[in-house]
Amino acid sequence: MTSCSPGGTRDLMFLLSWASHALTGELAGGLAELGISPRAHYVLLMARPGGLTQRQLGERCGVDKTTMVVTLDQLETAGLVRRQPSPTDRRARLVEVTPEGEKVLHRAQEIVARVQQEVLATLPEADRAVFLRSIEALVAGRLAGGGACGPGSRPGY
């Protein structure tokens with residue numbers, strides 16, 4: 001793996017992209033046993049509190065309208081969410097995680113926590129908290145974009 005640009009400097013874009021791709025691949029492998037993707041996991045997680053329309057959920061997850069509809073269709077077919085008419089806007093649908101969705105989400109959270117712990121374990125213990133604070137500072141600051149986990153949250157699933 002090359003992490004340097006032609007001038008010999010570290011290429012931040014490449015490193016972040018590589019890390020994101022590798023982590024998403026690991027998560028996809030772990031979540032596949034539950035029949036969901038990393039994107040579906042994130043949608044379930046963001047929908048858990050309830051009260052969000054499809055549009056609001058898409059905005060929180062950083063997912064476009066078409067992708068959100070496809071993801072919700074898959075989750076609904078699997079019995080993990082249901083869409084109910086909004087009592088305040090007849091054009092909107094509220095997304096609700098079903099009891100089966102709660103079970104799958106709980107197991108998914110265990111998988112995500114395990115993968116994250118395994119990945120972070122490759123760093124020296126003293127560097128882990130610093131690494132996470134640094135990434136959070138970048139996402140909340142200079143690389144902010146919009147989403148639910150702070151000003152810059154966009155999981156890219």
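All of these numbers come straight from a predicted model, not from anything done at the bench.

### Some details on the nonpolar core
Reasoning step 1: Of all hydrophobic cores here, the largest spans 27 residues; its most connected members are Ile-36, Leu-44, Leu-57, Cys-61, Leu-72 and Leu-75.
Reasoning step 2: Broken down by secondary-structure element, the contributors of at least two residues to this core are helix H1 (12–32), helix H2 (38–47), helix H3 (54–61), helix H4 (65–77), strand S3 (93–97) and helix H5 (99–120).

### Here we look at the pairing of S3
Reasoning step 1: Direction of pairing for strand S1 (residues 52–53) relative to S3: antiparallel, over a ladder of 2 bridges. Across the sheet, the residue bridging to Leu-52 is Val-95, located in S3.
Reasoning step 2: Here strand S2 (residues 81–85) runs beside S3; their pairing, made up of 5 bridges, is antiparallel. By the bridge assignment for S3, Pro-85 is matched with Arg-93.

### Some points on the sheet that holds S3
Sheets are built from strands that pair by backbone hydrogen bonding, the pairs being arranged parallel or antiparallel.
Reasoning step 1: Ordered by their spatial adjacency, 3 strands build an open sheet running S1-S3-S2, and the pairing between neighbours is antiparallel. Of all strands in the sheet, those with a lone pairing partner are S1 and S2, marking the two edges.

### What to know about a nonpolar patch on the surface
Reasoning step 1: Taken together, the side chains of Leu-12, Leu-16, Leu-138 and Leu-143 make up a nonpolar region of the molecular surface, amounting to roughly 320 Å² of accessible area.
Reasoning step 2: Relative to the helices and strands, Leu-143 is located in the segment after helix H6 (125–140).

### Details of the pattern of salt bridges
Any two side chains of opposite charge can pair if their charged atoms end up close together.
Reasoning step 1: The full count for this structure, using the stated rule, is 7 salt bridges.
Reasoning step 2: Between Arg-83 and Glu-76 there is a salt bridge, with the nearest N and O atoms lying 2.7 Å from each other.
Reasoning step 3: Overall, the relative accessible area of 31% leaves Glu-76 in the partly exposed class.
Reasoning step 4: A salt bridge links Asp-89 to Arg-91; the shortest N-O distance between them is 3.1 Å.
Reasoning step 5: Overall, the relative accessible area of 25% leaves Asp-89 in the partly exposed class.

### What to know about the packing of H2 against H5
Reasoning step 1: For the pair H2 and H5, the least separation of the axes is 10 Å and the interaxial angle reads 115°. Pair H2 / H5 crosses with left-handed handedness. From H2, His-41, Leu-44 and Leu-45 reach across to H5, where they touch Gly-101, Leu-105, Ala-108, Gln-109 and Val-112.

### Focus: the packing of aromatic side chains
Reasoning step 1: If you walk through the whole model with that rule in mind, you get 1 aromatic pair.
Reasoning step 2: Measuring from ring centre to ring centre gives 5.5 Å for Phe-14 and Trp-18, while their planes differ by 45°; the resulting arrangement is tilted. Here Phe-14 and its partner Trp-18 are both found in helix H1, 4 residues apart, which amounts to about one turn of the helix.

### Topic: the side chain of Arg-83
Reasoning step 1: Residue placement: Arg-83 occurs in strand S2.
Reasoning step 2: Assessed through its relative accessible area of 17%, Arg-83 is described here as buried.
Reasoning step 3: Side chain to side chain, Arg-83 and Gln-54 meet in a polar contact 3.2 Å long.
Reasoning step 4: Among the polar contacts made by the side chain of Arg-83, one reaches the side chain of Glu-76 at a distance of 2.7 Å.
Reasoning step 5: Contact partners of Arg-83, with chain neighbours within four places excluded, come to Gln-54, Val-69, Leu-72, Asp-73, Glu-76, Arg-93, Leu-94 and Val-95.

### As for H5
The α-helix advances 3.6 residues per turn, and as a result positions three or four apart in sequence lie on the same side.
Reasoning step 1: Between the first and last C-alpha of H5 there are 31 Å, a value that for 22 residues agrees with the 32 Å anticipated at 1.5 Å per step.
Reasoning step 2: Tucked into the core, H5 has its buried residues touching H1, H2, S3 and H6.

### What to know about the confidence of the model for the protein
Reasoning step 1: Per-residue confidence for the protein gives a mean pLDDT of 88, with 87% of residues at or over 70.
Reasoning step 2: Counting contacts from residues 147–154, a segment whose pLDDT is below 50, to residues more than four positions away or on other chains yields 23 contacts.

Reading the values: the criteria
- Residues numbered from 1 in each chain as written.
- Predicted model: local features only at pLDDT ≥ 70, side-chain atom pairs only at ≥ 80, totals over all residues.
- Heavy atoms only, no water.
- Core = buried A, V, L, I, M, F, W, Y, C linked by side-chain atoms within 4.5 Å.
- Buried < 20%, exposed > 50% of the residue type's maximum accessible area, 1.4 Å probe, protein only.
- Helix = DSSP H or I, 4+ residues; strand = E, 2+ residues; numbered from the N terminus.
- Pairing = 2+ DSSP bridges.
- Patch = residues over 30% accessible without salt bridge, like charges linked within 9 Å, V, L, I, M, F, W, Y side chains within 5 Å.
- Areas by Shrake-Rupley, 256 points an atom, 1.4 Å probe, with all protein chains shown as cover.
- Salt bridge = Lys/Arg side-chain N within 4 Å of Asp/Glu carboxyl O.
- Axes fitted to C-alpha atoms, helices over the stretch in contact; angles between N-to-C directions.
- Left-handed = near helix turned anticlockwise from the far one by under 90°.
- Contact = heavy atoms within 4.5 Å.
- Phe/Tyr/Trp six-rings, centres within 6.5 Å; stacked < 30°, edge-to-face > 60°.
- Polar contact = N/O pair within 3.5 Å; in protein donor to acceptor, adjacent residues only side chain to side chain.
- Expected span 1.5 Å × (residues − 1).
- pLDDT = per-residue confidence, 0-100.

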